[in-house]
Protein chains: 2
Amino acid sequence: MKLTQREWRSNCPINFALETFGDLWSLLIVRDMLMYGKSTYGEFQKSEEGIATNVLADRLVRLEREGIITKSLNESDRRKATFRLTQKGIDLLPVLLEIILWSAQHNSKTSAPKEFVEQIRNDRDGLTAKIIKELKSY
Amino acid sequence: MKLTQREWRSNCPINFALETFGDLWSLLIVRDMLMYGKSTYGEFQKSEEGIATNVLADRLVRLEREGIITKSLNESDRRKATFRLTQKGIDLLPVLLEIILWSAQHNSKTSAPKEFVEQIRNDRDGLTAKIIKELKSY
DNA sequence: TAAACTTACTTGCAATTTGCAAGTAAGTTT
DNA sequence: AAACTTACTTGCAAATTGCAAGTAAGTTTA
């Protein structure tokens, strides 16, 4: 019965991740939530990279399906949904931090602040705790 | 003059990475090279995920263009090219390790060996040094 | 030495995804 | 009530993906 059974290309952990968020946009949404506290469709759409409306809608649906975010109604404005990271989503922070380090090393035009990069290197745990604390305060 | 100037959606480090390897296949190739010492087209093609021939060819060209791998002729069999990771490619190891940790946590069917996951957690530097040493011995 | 085999792609094609921009329905503000 | 805002949806063309056959170059075998 294939109705609810998802096929995986392999059980390799790298492949699992790629099948979960291996596209040009998903991690940008996670970034916006983890780093900038964004939580609505309109906020994500305003990001500099300029995601298309249909792709944004699609990715939010996917990320919710993958258990990385949850979607709830905004009570003060019922046109809006509020998206929040699950623990599974928050657990992507170390991945993002390593990606930032890699990019800072290899992209001469990176907008990653030097102090931020140094902090990832020198106080990973402190920074992680700070980001998560800020996240929970939104 | 736009001939050699590449347009980036933004200078954000996450975006830089996604524009470099944000697809379903690129990191699988890097995995095969870092973890399994694969170095030829045929070896990559045999991976369990079953990449299409045209996509594999395309990704190898891209990874080379991005400076993550280099391609050289195999002198003992001139039909084959040998691909090797550059330092930029090797520097993706910490990203891969964090992805493995994340997946091990969130994929109940992961094929990542428990001892390997424990080693990532307990001796990151030792493991990194070991993988790189093995890499250079291929 | 020629035939058979292997290797790394290339090609043809259909399905799917992406990106642009206009459209739409529901909700809020004026 | 009209105007505006929000979150999508839609139409469409271009790009990408995946399947599988095809092709050229190189190697092995008889």
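Residues numbered from 1 in each chain as written. Chains lettered and ligands numbered in written order. Predicted model: local features only at pLDDT ≥ 70, side-chain atom pairs only at ≥ 80, totals over all residues. Heavy atoms only, no water.

## Some words on the packing of helix 6 (residues 93-106) of chain A against helix 7 (residues 114-122) of chain A
All names here are of chain A.
Here's step 1: At a minimum axis separation of 10 Å, helix 6 and helix 7 run at an interaxial angle of 125°. Between helix 6 and helix 7, the interaxial angle falls into the category oblique. In this structure, helix 6 meets helix 7 at a crossing whose hand is left-handed. Contacts between helix 6 and helix 7 involve Leu 97, Ile 100, Leu 101, Ala 104 and Gln 105 on the former and, on the latter, Phe 116, Val 117, Ile 120 and Arg 121.
Here's step 2: When grouped by side-chain class, the residues that make up the contact of helix 6 with helix 7 number 7 nonpolar, 1 polar and 1 charged. (Axes fitted to C-alpha atoms, helices over the stretch in contact; angles between N-to-C directions. Helix = DSSP H or I, 4+ residues; strand = E, 2+ residues; numbered from the N terminus. Parallel < 35°, antiparallel > 145°, perpendicular 65-115°, else oblique. Left-handed = near helix turned anticlockwise from the far one by under 90°. Contact = heavy atoms within 4.5 Å. Nonpolar A, V, L, I, M, F, W, Y, C, P; charged D, E, K, R; others polar.)

## What to know about the protein's contact with DNA strand D
Here's step 1: In the vicinity of DNA strand D lie 19 residues, with Gly 42, Thr 53 and Arg 79 of chain A together with Arg 59 and Arg 79 of chain B positioned nearest.
Here's step 2: Here, DNA strand D places atoms within 4 Å of the protein, and 61% of those atoms are sugar or phosphate.
Here's step 3: At 3.1 Å from a base nitrogen of DNA strand D is found a side-chain nitrogen or oxygen belonging to Thr 53 of chain B.
Here's step 4: Side-chain polar atom of Arg 79 of chain B to a base nitrogen of DNA strand D: 2.8 Å apart, as the coordinates give it.
Here's step 5: Contributions of two or more residues to the surface near DNA strand D are made by helix 3 (41-45) and helix 4 (53-65) of chain A together with helix 4 (53-65) of chain B. (Near = heavy atom within 4 Å. Polar contact = N/O pair within 3.5 Å; in protein donor to acceptor, adjacent residues only side chain to side chain.)

## Quick notes on the pairing of strand 2 (residues 81-85) of chain B
A regular strand carries its side chains on alternate faces of the sheet.
Residues and elements named next belong to chain B.
Here's step 1: Burial within strand 2 is extensive, with 4 of its 5 residues counted as buried.
Here's step 2: Of the strand pairs in this sheet, strand 1 (residues 69-73) and strand 2 are connected by 5 bridges, and their pairing is antiparallel. Counted as the bridge partner of Thr 70 is Arg 84 from strand 2. (Buried < 20%, exposed > 50% of the residue type's maximum accessible area, 1.4 Å probe, protein only. Pairing = 2+ DSSP bridges.)

## A look at the relation of the copies chain B and chain A
Here's step 1: Overlaying chain B with chain A gives an RMSD of 0.0 Å, the required rotation being 180° about an axis along which the chain moves by 0.0 Å. Seen this way, the second copy is the image of the first under a two-fold rotation axis. Looking at the rotation axis and the C-alpha trace of chain B, the residue lying nearest is Asp 23 of chain B, at 2.3 Å.
Here's step 2: An overlap of 100% is found between the interface residues of chain B and their copies at the interface of chain A, pointing to a shared contact surface. (Least-squares fit on C-alpha atoms with pLDDT ≥ 70 in both.)

## Comments concerning the interface of chain B and chain A
Here's step 1: With 42 residues of chain B at the interface, the matching set in chain A holds 42 residues.
Here's step 2: Summed over both sides, the interface between chain B and chain A buries roughly 3,900 Å², with carbon and sulfur atoms accounting for 68% of that surface.
Here's step 3: If you sort the residues of chain B by the area they bury against chain A, Arg 9, Ile 14 and Trp 102 of chain B come out on top, with a joint share of 19%.
Here's step 4: At the surface where chain B touches chain A, the tally comes to 0 salt bridges.
Here's step 5: Of all the secondary-structure elements, those providing two or more residues to the side of chain B that touches chain A are helix 1 (13-21), helix 2 (26-36) and helix 6 (93-106) of chain B.
Here's step 6: With 10 residues, the single largest contributor to the side of chain B that touches chain A is helix 6 of chain B.
Here's step 7: Taken together, the residues of the side of chain B that touches chain A sort by class into 20 nonpolar, 11 polar and 11 charged. (Buried area = accessible area lost by both parts, 1.4 Å probe. Salt bridge = Lys/Arg side-chain N within 4 Å of Asp/Glu carboxyl O.)

## As for the nonpolar core
Here's step 1: Of all hydrophobic cores here, the largest spans 78 residues; its most connected members are Ile 14, Leu 27 and Leu 85 of chain A together with Ile 14, Leu 27 and Leu 85 of chain B.
Here's step 2: If sequence neighbours within four positions are ignored, Leu 27 of chain B has contacts with Ile 14 and Leu 18 of chain A together with Phe 21, Leu 92, Leu 96 and Ile 99 of chain B. (Core = buried A, V, L, I, M, F, W, Y, C linked by side-chain atoms within 4.5 Å.)

## Details of the environment of Asp 125 of chain B
Here's step 1: For Asp 125 of chain B, the position within the fold is in helix 8 (residues 124-137).
Here's step 2: Each C-alpha atom of the pair Asp 125 of chain B and Asn 74 of chain B lies 32 Å from the other, and the pair is 51 residues apart in sequence.

## Some thoughts on the protein's contact with DNA strand C
Here's step 1: For DNA strand C, the set of nearby residues contains 19 residues, the closest of which are Trp 25, Arg 59 and Arg 79 of chain A together with Thr 53 and Arg 79 of chain B.
Here's step 2: The sugar and phosphate moieties of DNA strand C supply 61% of its atoms located within 4 Å of the protein.
Here's step 3: One of the side-chain nitrogen or oxygen atoms of Asn 54 of chain A is found 3.2 Å away from a base nitrogen of DNA strand C.
Here's step 4: The contact in question runs from a base oxygen of DNA strand C to an N or O atom on the side chain of Arg 79 of chain B, over 2.5 Å.

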